[in-house]
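# Residue-level structure breakdown
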Amino acid sequence: MSITKRIIPCLDVKDGRTVKGTCFVNLREAGDPVELGEAYSMAGADELVYLDITASHEGRRTFTQVVRRVAERINIPFTVGGGISELDDVKRLLDAGADKVSVNSAALRRPELISEIARQYGSQVCVCAIDAREDADGWHCYVKGGRERTHRGLLEWAHEAQERGAGEILFTSMNHDGTRQGFANDALAELHRLLSIPVIASGGAGEMVHFRDAFTLGHADAALAASVFHFGDIPIPTLKQYLRNEGINVRL
């Protein structure tokens, strides 16, 4: 049977609460991140991703407490990200109970960070998150919550991240984020062709068919979503049964 595809709810955490926006703006509250995580674990989610979206010093302290509480309550792997710029940040979050860390802006500023994490903790701990947008001149990586374009292209940066030791790529299409119109399947397929490490699709889930397409057309290894799960539009057990019926290997 083919490799098992993963379903991953994503929880953006601000001031200790889960929030969700559209195209990176217009945030609204979605509930307690620990309770949501526990519910997703019980519902059959394969993994969770928690992102500290306001990683100021005060926010980091709040977020570390959230991570510790999550680790006490759930029994599936979870990744944490936001404001990770040095190995001390990684240690703090792993010590709090996280299984993996996600690096984004800091890795673009200083790509050696990926190599350092992989060397210290192993590639399986390092997820390289890439926020990219398809502009008139192609796909470009963005930083600072999607506000600032960089000189790096999506494909060349994803390949460099892999070569530096990242264990997974978490690709969020800014064009698709929060639109509920489907994932960026063409770009996902390009990443699949280029890379030998898993690619997580993010941005655009609105219907169950979008998850199917991410796996069949985009060849994604996992699909991540937020609002469709947070607000009860797509129950995870229903989604997984649908995917199994469509011939996609998922853990029921």
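Above: the structure in question.
This write-up is about the structure you can find in this document. All figures in this text were calculated on a predicted structure; none of them were measured in a lab. (Residues numbered from 1 in each chain as written. Predicted model: local features only at pLDDT ≥ 70, side-chain atom pairs only at ≥ 80, totals over all residues. Heavy atoms only, no water.)

### Considerations on the nonpolar core
Counting 71 residues, the largest nonpolar core has Phe-171, Phe-211 and Phe-229 as the members making the most contacts within it. With residues up to four places along the chain from it excluded, the contact list for Phe-211 reads Ile-7, Phe-183, Ala-205, Ala-223, Ala-225, Val-228, Phe-229, Ile-234, Leu-239 and Leu-243. Core analysis: the next-biggest nonpolar cluster, separate from the first, contains nine residues, Cys-10, Ile-200, Ala-222 and Leu-224 among them. (Core = buried A, V, L, I, M, F, W, Y, C linked by side-chain atoms within 4.5 Å. Buried < 20%, exposed > 50% of the residue type's maximum accessible area, 1.4 Å probe, protein only. Contact = heavy atoms within 4.5 Å.)

### Description of helix H8 (residues 208-216)
All of the buried residues along H8 are His-210, Phe-211, Asp-213, Ala-214 and Phe-215. Lining the buried residues of H8 we find strand E1 (6-14), helix H7 (185-194), strand E11 (199-202), strand E12 (222-225), helix H9 (227-230) and helix H10 (236-245). (Helix = DSSP H or I, 4+ residues; strand = E, 2+ residues; numbered from the N terminus.)

### Examining the environment of Asp-99
Along the chain, the position of Asp-99 falls in the loop between helix H3 (87-96) and strand E6 (100-103). On the basis of relative accessible area, Asp-99 is assigned to the partly exposed category, the value being 38%. Sequence-wise, Asp-99 and Gly-31 are 68 residues apart; in three dimensions their C-alpha atoms are separated by 23 Å. The contacts of Asp-99, once residues within four sequence positions are left out, are Ile-76, Pro-77, Phe-78, Leu-94 and Val-125.

### Structural notes on the packing of helix H5 (residues 112-121) against helix H6 (residues 154-164)
H6 packs onto H5 with a crossing angle of 30 degrees between their chain directions and a minimal axis gap of 8 Å. Our pair here, H5 against H6, has a crossing hand that is right-handed. Between H5 and H6, the residues in contact are Glu-112, Ile-114, Ser-115 and Ala-118 and Trp-157, Ala-161 and Arg-164, respectively. Per-class residue counts for the contact of H5 with H6 are four nonpolar, one polar and two charged. (Axes fitted to C-alpha atoms, helices over the stretch in contact; angles between N-to-C directions. Left-handed = near helix turned anticlockwise from the far one by under 90°. Nonpolar A, V, L, I, M, F, W, Y, C, P; charged D, E, K, R; others polar.)

### Brief notes about the pairing of E6
Every second residue of E6 is oriented toward a common face, with Lys-100 and Ser-102 on one face and Val-101 and Val-103 on the other, all of them buried. Pairing of strand E5 (residues 78-81) with E6 involves three bridges; the strand directions are parallel. Paired with Thr-79 across the two strands is Lys-100, which belongs to E6. As for the winding sense of the linkage, the β-α-β connection from E5 through H3 to E6 is right-handed. (Pairing = 2+ DSSP bridges. Right-handed = clockwise from strand over helix to strand, strands pointing away.)

### Re H10
For H10, every residue scored as buried is listed here: Ile-236, Leu-239, Lys-240, Tyr-242 and Leu-243. Relative to the axis of H10, the buried residues are bounded by an arc of 160 degrees and lie together on one face. The inward-facing, buried residues of H10 abut E1, helix H1 (33-43), H8 and H9. Gly-247 occupies a position one or two residues after H10 and carries a positive phi of about 85 degrees. (Arc of directions from axis to C-beta.)

Any functional reading would require information beyond the geometric quantities listed.
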